[in-house]
Amino acid sequence: MRIIGIDPGLRNMGWGVVDTAGTRLSHVANGVCMSRTGDLASRLLSLHEQLTDVVARFQPDTAAVEQTFVNKDAVGTLKLGQARGIALLVPAQAGLSIGEYAPNAVKKAVVGVGHADKQQVDHMVRMQLPGVQITGPDAADALAIAICHSFHAQNAGRLEAAVKRATA
């Protein structure tokens, strides 16, 4: 299964693609979509175009997007929410199922604790994807989101298999 993880951001939208085969993970690609300068609509359009290109190039089977946290700056939170809308729209347009994960859930899945810092997340992503060249912190977060989704998909598969065995 090929998973694209997306870390929404209005300036920088991180993305990371991993392949999974059972419990084995392998890195495919990662990067950052950077919005143009200008009004909000043109910035969102540029993110949409870039992320659409990434999805078309790497043909993921499923997507995972980090949920937005609310901060003290309401206007900033609303703008981030609009960028997150792009992060959800592009995979939906490609017909992908989308998992959504809270930042603490991603950190817990990748690092083992929900309040890990960015350096810990980056380190654990590198440990799980040996030899990976990470484009930047937003791409590292996106890879962590994809890894989190792979863990959840594996567990869901195990649960489904157990239920089938129990009801057979």
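The structure contained in this document is the topic of the report that follows. These numbers were taken from a predicted model, which means no experiment stands behind them.

### Considerations on the overall build of the protein chain
Then, number 1: On a plain count of helices and strands, the protein chain comes out with five helices and five strands.
Then, number 2: When the helices and strands of the protein chain are read in sequence order from the N terminus, they spell out β-β-β-α-β-α-β-α-α-α.
Then, number 3: Since a compact globule built from 168 residues should have a radius of gyration of about 15 Å, the 16 Å found for the protein chain is in line with a globular shape.
Then, number 4: For the protein chain, the spread of C-alpha atoms along the three principal axes comes to 60 × 35 × 30 Å.
Then, number 5: Taking all 168 residues of the protein chain together, 42% fall into the buried category.
Then, number 6: Counting contacts in the protein chain only where the partners sit at least 6 residues apart, residues at least 24 apart contribute 60% of the total.
Then, number 7: Accessible surface computed for the protein chain: about 8800 Å², of which carbon and sulfur atoms make up 56%.

### With respect to the pattern of salt bridges
Then, number 1: For the coordinates displayed, the defined rule picks out six salt bridges.
Then, number 2: With a closest N to O distance of 2.3 Å, K118 and D141 form a salt bridge. Of this pair, K118 sits in helix α4 (residues 118-128) while D141 is found in helix α5 (residues 137-167), placing the two residues 23 residues apart along the sequence.
Then, number 3: We classify D141 as buried; its relative accessible area is 13%.
Then, number 4: For D122, the salt bridge is made with R126, and the minimal N-O distance between the two is 2.6 Å. One end of the pair, D122, and the other, R126, are both in helix α4, four residues apart, so they sit about a helical turn from each other.

### As for the pairing of strand β4 (residues 62-66)
Then, number 1: With five of five residues buried, β4 is to be regarded as a mostly interior element.
Then, number 2: Going residue by residue along β4, you find T62, A64 and E66 tucked away on one face and A63 and V65 tucked away on the opposite face as well.
Then, number 3: When strand β1 (residues 2-7) meets β4, the two strands line up parallel, connected through four bridges. Note on β4: the bridge partner recorded for I4 is A63.

### Re the side chain of N30
Then, number 1: By the element assignment, N30 lies in strand β3 (residues 24-34).
Then, number 2: A polar contact is formed between the side chain of N30 and the side chain of H27, at a distance of 2.8 Å.
Then, number 3: In terms of polar contacts, N30 uses its side chain to reach the side chain of T135, at 2.8 Å.

### Focus on the layout of surface pockets
Then, number 1: Quantified by volume, the largest pocket comes out at close to 410 Å³.
Then, number 2: Lining the largest pocket are 21 residues; nearest its centre among them are D7, E66, F69, K118 and D141.
Then, number 3: Mapped by element, the contributors of at least two residues to the lining of the largest pocket are α3 (103-110), α4 and α5.
Then, number 4: For the lining of the largest pocket, a count of residues per class yields nine nonpolar, four polar and eight charged.

### Comments concerning the pairing of β3
Here is the key point about a regular strand: its side chains alternate between the two faces of the sheet.
Then, number 1: Both strand β2 (residues 12-21) and β3 contribute to a ladder of 10 bridges, which runs antiparallel. The residue bridging V18 from the neighbouring strand is H27, located in β3.
Then, number 2: Counting the residues in the hairpin turn of β2 and β3 gives two residues, including G22, whose phi is positive at 65°.

So, how was this worked out
- Residues numbered from 1 in each chain as written.
- Predicted model: local features only at pLDDT ≥ 70, side-chain atom pairs only at ≥ 80, totals over all residues.
- Heavy atoms only, no water.
- Helix = DSSP H or I, 4+ residues; strand = E, 2+ residues; numbered from the N terminus.
- Rg over C-alpha atoms; globule rule 2.2 N^0.38 Å.
- Buried < 20%, exposed > 50% of the residue type's maximum accessible area, 1.4 Å probe, protein only.
- Contact = heavy atoms within 4.5 Å.
- Areas by Shrake-Rupley, 256 points an atom, 1.4 Å probe, with all protein chains shown as cover.
- Salt bridge = Lys/Arg side-chain N within 4 Å of Asp/Glu carboxyl O.
- Pairing = 2+ DSSP bridges.
- Polar contact = N/O pair within 3.5 Å; in protein donor to acceptor, adjacent residues only side chain to side chain.
- 1 Å grid on protein atoms, 1.4 Å probe; cavity = no way out; pocket = protein on both sides within 12 Å on 5 of 7 lines; lining within 4 Å.
- Points joined across faces, edges and corners; volume = space filled by probe spheres on them.
- Nonpolar A, V, L, I, M, F, W, Y, C, P; charged D, E, K, R; others polar.

Keep in mind these values describe shape, not function.
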